[in-house]
Amino acid sequence: MSNTIKDEEMETLRELIKDVDTAMLTTLTEEGLISRPMKTQEVEFDGDLWFFTKKETNKYKEILHDQEVNVTYAGKSYVSVRGRAEIVEDIGKKKELWSKMYEKIMRTNYDDPNIVLIKVKAEAAEYWETGNFTKKVAFLYKSITGQSSESTDVNETIKLDK
């Protein structure tokens, strides 16, 4: 089985996350996992996810220490993306992704040396389509009771190139 994502799988992920404004980014701390909301960049998903942050944040330090992250989206469906994060300080990329909204939220501009991008290179994604109530109930029941959810056919897993 190939680890290369197929065009139709990439398109499925793109469609599932395109209208979700906020994602939850999970990093590893000394105490364990921690998640926080992050504004999703308005760029077409091509296997990379982009987020702005400041160098003075804990997530910045956590990613420098351990690049393994998870990003989740909840909208019409649920999507969980596992990947490796890297800190990007490219001024051109920051300018490309910047919007006036960030000036208000972060109270600075893209050329501030404290502003960096987090680039998450997706390695695998799992998603659950929420259209079928019976499947959702079966999945939740099996999840709660520790049973495998595979037989409910509610989720798909996609492996991406590393």
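Residues numbered from 1 in each chain as written. Predicted model: local features only at pLDDT ≥ 70, side-chain atom pairs only at ≥ 80, totals over all residues. Heavy atoms only, no water.

Engineer: Please explain the overall build of the protein as it appears in this structure.
Structural biologist: The helix and strand inventory of the protein stands at 5 helices and 7 strands. Its helices and strands taken in sequence order, the protein reads α-β-β-β-α-β-β-α-α-β-α-β from the N to the C terminus. Residues counted as buried form 43% of the 162 residues belonging to the protein. Taking the contacts inside the protein whose residues are at least 6 apart along the sequence as the reference set, 65% of them involve residues at least 24 apart. As displayed, the protein offers around 9900 Å² of accessible surface, 49% of which is attributable to carbon and sulfur atoms. (Helix = DSSP H or I, 4+ residues; strand = E, 2+ residues; numbered from the N terminus. Buried < 20%, exposed > 50% of the residue type's maximum accessible area, 1.4 Å probe, protein only. Contact = heavy atoms within 4.5 Å. Areas by Shrake-Rupley, 256 points an atom, 1.4 Å probe, with all protein chains shown as cover.)

Engineer: What should I look at first to understand the nonpolar core in this one?
Structural biologist: In a soluble, globular protein the nonpolar side chains are often hidden away together inside. Membership of the largest hydrophobic core comes to 26 residues, with the highest contact counts inside it found for L49, F51, V71, Y73, V79, I118 and V120. Elements represented by at least two residues in this core include exactly α1 (7-17), β1 (22-28), β3 (48-54), α2 (58-65), β4 (68-74), β5 (77-88) and β6 (115-129). Of the residues forming this core, the biggest block, 6 residues, is contributed by β6. Those residues in contact with I118, other than ones at most four positions away along the chain, are L25, M38, L49, W50, F51, T53, K59, I63, A85, E86 and I87. Listed in part, the 10 residues of the second largest apolar core include L97, Y102, M106 and L117. (Core = buried A, V, L, I, M, F, W, Y, C linked by side-chain atoms within 4.5 Å.)

Engineer: Quick question: what am I supposed to make of the packing of aromatic side chains here?
Structural biologist: What describes a pair of aromatic rings is the distance from one ring centre to the other and the angle between the planes of the rings. Inspection of the entire model under this criterion finds 3 aromatic pairs. A centroid spacing of 5.4 Å and a plane angle of 40 degrees characterise the contact between W98 and Y102, whose relative ring orientation is tilted. Residue classification places W98 among the buried residues on the basis of a relative accessible area of 12%. Taken together, F52, W98 and Y102 form an aromatic cluster joined through their ring pairs. Sitting over the ring of W50, K93 keeps its end group 4.7 Å from the ring centre. (Phe/Tyr/Trp six-rings, centres within 6.5 Å; stacked < 30°, edge-to-face > 60°. Lys NZ or Arg CZ within 6 Å of the ring centre and 35° of its normal.)

Engineer: Honestly, unusual backbone geometry in this entry has me stumped. Any pointers?
Structural biologist: Most peptide bonds take the trans form, and the phi angle of most residues other than glycine is negative. The backbone of R107 sits at a positive phi, close to 55 degrees, despite the residue not being glycine. With respect to the helices, strands and loops of the structure, R107 is situated in the loop between α4 (100-106) and β6.

Engineer: So what exactly am I meant to see when it comes to the pattern of salt bridges here?
Structural biologist: Side-chain pairs of opposite charge can arise where the charged atoms are in close proximity. Applying the stated rule across the entire model yields 10 salt bridges. Between E11 and R14 there is a salt bridge whose closest N-O contact spans 2.6 Å. Of this pair, E11 and R14 both sit in helix α1, 3 residues apart, roughly one helical turn. The exposure class of R14 is buried, given its relative accessible area of 17%. The salt bridge partner of R84 is E68, with a shortest N-O separation of 2.4 Å. Pair noted here: R84 is in strand β5 and E68 is in strand β4, with a separation of 16 residues, a long-range link. With a relative accessible area of 34%, E68 lands in the partly exposed category. (Salt bridge = Lys/Arg side-chain N within 4 Å of Asp/Glu carboxyl O.)

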